[in-house]
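Each chain, letter by letter, is given below.
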Amino acid sequence: MFGYYFRLGVRSLRRNPALTALMVLTLAVGVAASVSTLTILHMMSSDPIPQKSTRLFVPLIDPGPVKGYTPGERPEDIQITYQDAMNMLKSGQGVRRTALYGVEASVEPPRREIAPFNMGGLAPTRDFFAMFDVPFDYGQPWTEADEARAADVVVLSRTMADKLFGDVNPVGQRLNLMGFPFTVVGVAAKWKMLPRVYLLQGGSPYVTGEEFFIPLPTAIRHETQHRGGMSCSSNVGPGFAARLASDCTWITAWFETASSGDRGDLQSWLDSYAAEQRKLGRLTRNAPNQLFDALGWMEYTHVVGKDSQLQTWLSFGFLALCLVNTIGLLLAKFSVRATEIGVRRALGASRTEIFRQFLIETAVVGLVGGVLGLLLAFGALALIRMSSDSMAAVAHMDWEMLGLTFVISVGAAILAGLLPTWRACQVTPAIQLKSQ
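A brief look at the structure comes next. Remember, it's a predicted structure, so these values are computed and weren't measured experimentally.

Let us now look at the overall build of the protein. On a plain count of helices and strands, the protein comes out with 16 helices and 12 strands. Relative to its 436 residues, the protein shows a buried fraction of 50%. Partitioning the intrachain contacts of the protein with sequence separation of at least 6 by distance along the chain shows that 77% fall at a separation of at least 24.

Shown next, in the form of structure tokens:
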């Protein structure tokens, strides 16, 4: 019986084609708006590195001053000091460790037709690439020897490499960064984490994707400033070295453990380390020492901000408005079929059968609207990717969201069709037969 009613629903699309087209378009626009927004929210909040997210940890200790501190409050800066980060690198904890901070550099392109510009980058240690499974199109990360001597070497993103050198292998080429000649040692492939490196730094989710990587010791040697500024917990003397020696919270450290079960051991070490630093008079707040895995860090740093959640609710509000319009169109479409309903009822069709028939017809409209909405959603996401490199990794639809699109479209159509279908079931056969 379902198949029969489904075929009737497909045929009914040809009835009142103007009304049908308006319903399909109304549903499609509402579905596209809600699904495209929901897709971005879903991708932003999804596990960025599922194969090892439970083995990646960020330590957080609070070196801020006691004055003005309220026990239990969130630290003013969610990064740690350079001194603490270096101690953690030397600790031997976990199987890999990295420290990093965001940088910005002026670049003089080797191609004369491109004017000099600034680009955002990252200054990590070498383990960063293995920890976060960074793929490479050309070359490889810098060597341990390069890092030890703070060599002027750089890894470019694929987008930046294409912009600077064209579609060729640039490994071995020179690039003028910050007024110094750097040698390109690798080109990172397009990588879903690349526009989301804010997660690694605890920064804003709207920071553009990292376009280059230089060794942390190299950034320190060139006195490369922290992108976005530097906050110090005490007055320090002039000069880069003085800021490094002070408690300037401007760097992030990550640990990779052999298994998620090693978290307890890492937490114990962090507590012991913090206790030692308190004895030295550095950690005066006596704040709790925190250890976050990747997903916990995303939650703590509010990767999905309240504005993104508000946009999602607004998109669903727009979908609700489209449903109201669809209800009106369905009432108009079903009202002209009162005679057909009366004849069917007179021939023995029950109200339940009428209800089932018209609800399935409504679902067919929702299915068609879902297909069109899916196409519009793909178009919207493509425009977002073209207009913003930082959203390229999150403005695409996975299979989960693909299925959700049809669930939303058909569900919305059925919801909108409940009232019109119920009204259609109330048709009195005798009145319709008499009037006809």
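Here the structure, examined in full by the defined rule, presents 12 salt bridges. Residue R158 pairs with D137 through a salt bridge whose shortest N-O separation is 2.7 Å. Residue R158 is found in helix α6 (residues 158–165), and its partner D137 is found in strand β5 (residues 136–139); the two are separated by 21 residues along the sequence. On the basis of relative accessibility, which here comes to 18%, the residue R158 falls in the buried class.

Quick look at empty space enclosed by the protein now. Gaps left between atoms are located by rolling a probe of water-molecule size over the structure's atoms. Using the criterion set out here, one finds two cavities of 30 Å³ or more in the structure. In this model, the second largest cavity occupies a volume close to 30 Å³. What lines the second largest cavity is simply I61, D62, R278, L283, N286, A287 and N289. Its residues assigned to classes, the lining of the second largest cavity comprises three nonpolar, two polar and two charged.

Attention shifts here to unusual backbone geometry. Positive phi, close to 55°, is recorded for M178, a residue that is not glycine. Inspection of the secondary structure assignment puts M178 in the loop between β7 (174–177) and β8 (180–188). Its identity as a non-glycine residue notwithstanding, E223 has a phi of 55°, on the positive side. With respect to the helices and strands, E223 occurs in the loop between α8 (216–221) and β10 (231–232). A residue is classified by how much of its surface remains accessible, and E223, at 46% relative accessible area, is partly exposed.

Turning next to α6. Here α6 has its buried residues at R158, M160, A161, L164 and F165. Taken around the axis of α6, the buried residues stretch over an arc of 160°, which confines them to a single face. Considering only its buried residues, α6 is in contact with β3 (96–108), β4 (117–124), β5, β6 (153–157), β7 and β8. Looking one or two residues beyond α6, the residue adopting positive phi is G166, at roughly 85°.

Along the polypeptide, H222 turns up in the loop between α8 and β10. Of the polar contacts made by the side chain of H222, one reaches the side chain of R221; its length is 3.4 Å. Contact partners of H222, with chain neighbours within four places excluded, come to D152, M178, F180 and F182.

Taken as a whole, the second largest pocket spans an internal volume of roughly 200 Å³. As for the second largest pocket, its lining consists of L89, R97, T125, R126, D127, E144, E147 and A148. Element by element, the count of residues in the lining of the second largest pocket is highest for helix α5 (residues 144–148), at three residues. Residue composition of the lining of the second largest pocket, by class: two nonpolar, one polar and five charged.

Our next topic: the pairing of β3. Here β3 runs beside β4; their pairing, made up of eight bridges, is antiparallel. Looking at the pairing, L100 lines up with P124 of β4. In this structure, β3 lies alongside β7, joined through two bridges in antiparallel fashion. Considered in β7, the bridge of V107 is made with L177.

Two numbers describe how helix α3 (residues 82–89) lies on helix α10 (residues 263–279): the axes approach to 12 Å, and their chain directions differ by 135°. On the basis of their axis angle, the class for α3 and α10 is oblique. Of the two possible hands of crossing, α3 and α10 adopt the one that is right-handed. Contacts from Q83, D84, N87 and M88 in α3 reach W269, L270, Y273 and Q277 in α10. Its residues assigned to classes, the contact of α3 with α10 shows four nonpolar, three polar and one charged.

What counts and how
Residues numbered from 1 in each chain as written. Predicted model: local features only at pLDDT ≥ 70, side-chain atom pairs only at ≥ 80, totals over all residues. Heavy atoms only, no water. Helix = DSSP H or I, 4+ residues; strand = E, 2+ residues; numbered from the N terminus. Buried < 20%, exposed > 50% of the residue type's maximum accessible area, 1.4 Å probe, protein only. Contact = heavy atoms within 4.5 Å. Salt bridge = Lys/Arg side-chain N within 4 Å of Asp/Glu carboxyl O. 1 Å grid on protein atoms, 1.4 Å probe; cavity = no way out; pocket = protein on both sides within 12 Å on 5 of 7 lines; lining within 4 Å. Points joined across faces, edges and corners; volume = space filled by probe spheres on them. Nonpolar A, V, L, I, M, F, W, Y, C, P; charged D, E, K, R; others polar. Arc of directions from axis to C-beta. Polar contact = N/O pair within 3.5 Å; in protein donor to acceptor, adjacent residues only side chain to side chain. Pairing = 2+ DSSP bridges. Axes fitted to C-alpha atoms, helices over the stretch in contact; angles between N-to-C directions. Parallel < 35°, antiparallel > 145°, perpendicular 65-115°, else oblique. Left-handed = near helix turned anticlockwise from the far one by under 90°.

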